[in-house]
Amino acid sequence: MILNYLNRQIEEIQHSRVLRIYGFFLVVVHFLTFYFWNHNVAFDFYMNNAPSPLCWSFMEDCSFWRFPNRTAAMVSLWAYLGLAIAIFILMLKGRVRLAYFGLIALFLVKYGFLLIDYRLMGNYHYMPFIIGIVYLFFPRKEIFIKVLIVTFYCAAGLLKLRNLEWMTGGAIYDVGTWPSWLVVIACSAVIYLEVGLSWFLLGRRSWMAWTVFGFFILFHASSWYWVGYYYPTTMSCLLPIFPLSWIWGEASSKAEVKNQDTHWALVTVVLLFWAAQFYPLLLSKDAAVTGEGRVLSLNMYDARVECDHIMIAEYKDRYEEFASGLQPSAMRIRCEPYLYFSRAKAACESLKDQPDFKNVRLSLMVRRQTDAEFKEIVNIKDFCTGNYQFNSFGRNEWIQW
């Protein structure tokens, strides 16, 4: 039964020029990922050199997932590239079936790497993950992928729309010599593009559709300055579904599925995506600061958060302040309470055998760029003995926000 279902997915790709060509772009995303990781000092650190990994909150013990040494990590990374090259060659030769199962393996390898450390997360992995799932396992892929990409942009725009920092340009880390009024106009234009104009991409080929597509290419090209090359180039590999569809169209697929179940699958996935975006709002009045519920949602360039922390080891006769040991993290998550929670937990484990050790105290103060003062959102005096937990999918009472 499962094999028959997979065969139908393969047939849909085989009979669609749009999907066959789009598959090349999805493989290029893996080329970009290899280059990004291979030239990223933080990736090398997280793979095998960090004193203790920063596990994903839903997988507390990820130490078994790490490589025993740097050589093993780099061999695995180059094997990942080799697999991507082999799949690209198979697609060039028209070996769709082998390429399809190779893509599944490539997908599992990439996201297996991501499980090694939470700090490897990012939207540049989140969105290709969803698109990859649809391309591999859902019918009527062309329309499905187009709707989802527009949904991504719309959700990102709405996230910015409710954020004063983005509207005023405060979320931008380095505006260079741009005048403040131009930054505000540019930030507002991005919201208008993502929330409003993006829907024209779902229409038929027209001058308006091509113009909006051009705006998105320009947007990602200009964002290179602020976020680096990886995110813009990754998104540029997802966007070609639109011109490919306008040129050849969904009608080119002889295996197109038209039954009602397909439409319900599309509606269900889109609704689940939107539920994941709104869920953090139910947990916290500012999920961009607390990080609660965002493990399933977009983690956008929507908040510029600054923070300071104090971690103190309490002994019977003294107190000692010590560094958290956190290495530089992505700007979007560097002030999340979970990062400091994880380090405090590691401190408890490392100090527990010292005879005069009693507890760890943790304080975290944060503020948005538009806030006048820092606010203490974490103040735990008995971290080691208090049995504190971090709930990825629920409210955490120890976060005072």
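Anything mentioned here points back to the structure above.
For clarity, every value in this text was computed on a predicted model and none was experimentally measured.

Asks: Talk me through the nonpolar core; I want residue IDs and the actual numbers.
Replies: In terms of nonpolar packing, the biggest core is built from 79 residues, with Y22, I131, Y135, L148, I149 and F242 touching the most fellow members. By size, the runner-up hydrophobic cluster in this structure holds 32 residues, among which are V305, I377, V378 and F390.

Asks: How would you explain the sheet that holds strand β4 (residues 375-380) if you had to name every residue and give the values?
Replies: One open sheet accounts for four strands, arranged β2-β1-β3-β4; its pairing is antiparallel. Strands with a single pairing partner mark the edges of an open sheet, and in this sheet they are β2 (319-321) and β4. The average undirected angle you get between the axes of adjacent strands in this sheet is 20°. Looking at chain direction, strand β1 (residues 305-315) and strand β3 (residues 357-368) are connected through 11 bridges and run antiparallel. The residue bridging E306 from the neighbouring strand is R367, located in β3. Helix α15 (residues 337-351) rests against β1, β3 and β4 of the sheet, and its axis sits at about 165° to β3.

Asks: Describe in detail the packing of helix α1 (residues 2-14) against helix α5 (residues 96-114), supporting the description with residues and values.
Replies: Between two packed helices, what matters for the description is the angle formed by their axes and the separation of those axes. Where α1 meets α5, the axes come as close as 10 Å, and the angle between the chain directions of the two elements is 120°. On the basis of their axis angle, the class for α1 and α5 is oblique. Crossing of α1 over α5 shows right-handed handedness. Of the residues in α5, those touching α1 at L6, N7, Q9, I10, I13 and Q14 are V96, R97, Y100 and F101. A class-by-class count of the residues in the contact of α1 with α5 yields six nonpolar, three polar and one charged.

Asks: For the state of the cysteines, give the residues involved together with the corresponding values.
Replies: By the definition in use, this model includes two disulfides. Disulfide partner of C307: C335, at an S-S distance of 2.2 Å. Where C307 bonds to C335 through sulfur, the torsion about that S-S bond is close to -80°, and the disulfide is left-handed. With C307 in strand β1 and C335 in the loop between β2 and α15, the pair connects residues that are 28 residues apart, well separated along the chain.

Asks: Go over empty space enclosed by the protein with me, naming the residues and quoting the values.
Replies: Counted according to the given criterion, the structure contains six cavities of 30 Å³ or more. Approximately 140 Å³ is the volume found for the largest cavity. The wall of the largest cavity is formed by L26, V29, H30, L103, F107, K110, Y111, P128, G132, Y135 and L136. At the level of elements, α2 (17-38), α5 and α6 (123-137) are the ones that each hand at least two residues to the lining of the largest cavity. Its residues assigned to classes, the lining of the largest cavity comprises eight nonpolar, two polar and one charged.

About the thresholds
- Residues numbered from 1 in each chain as written.
- Predicted model: local features only at pLDDT ≥ 70, side-chain atom pairs only at ≥ 80, totals over all residues.
- Heavy atoms only, no water.
- Core = buried A, V, L, I, M, F, W, Y, C linked by side-chain atoms within 4.5 Å.
- Buried < 20%, exposed > 50% of the residue type's maximum accessible area, 1.4 Å probe, protein only.
- Pairing = 2+ DSSP bridges.
- Helix = DSSP H or I, 4+ residues; strand = E, 2+ residues; numbered from the N terminus.
- Axes fitted to C-alpha atoms, helices over the stretch in contact; angles between N-to-C directions.
- Contact = heavy atoms within 4.5 Å.
- Parallel < 35°, antiparallel > 145°, perpendicular 65-115°, else oblique.
- Left-handed = near helix turned anticlockwise from the far one by under 90°.
- Nonpolar A, V, L, I, M, F, W, Y, C, P; charged D, E, K, R; others polar.
- Disulfide = S-S within 2.5 Å.
- 1 Å grid on protein atoms, 1.4 Å probe; cavity = no way out; pocket = protein on both sides within 12 Å on 5 of 7 lines; lining within 4 Å.
- Points joined across faces, edges and corners; volume = space filled by probe spheres on them.

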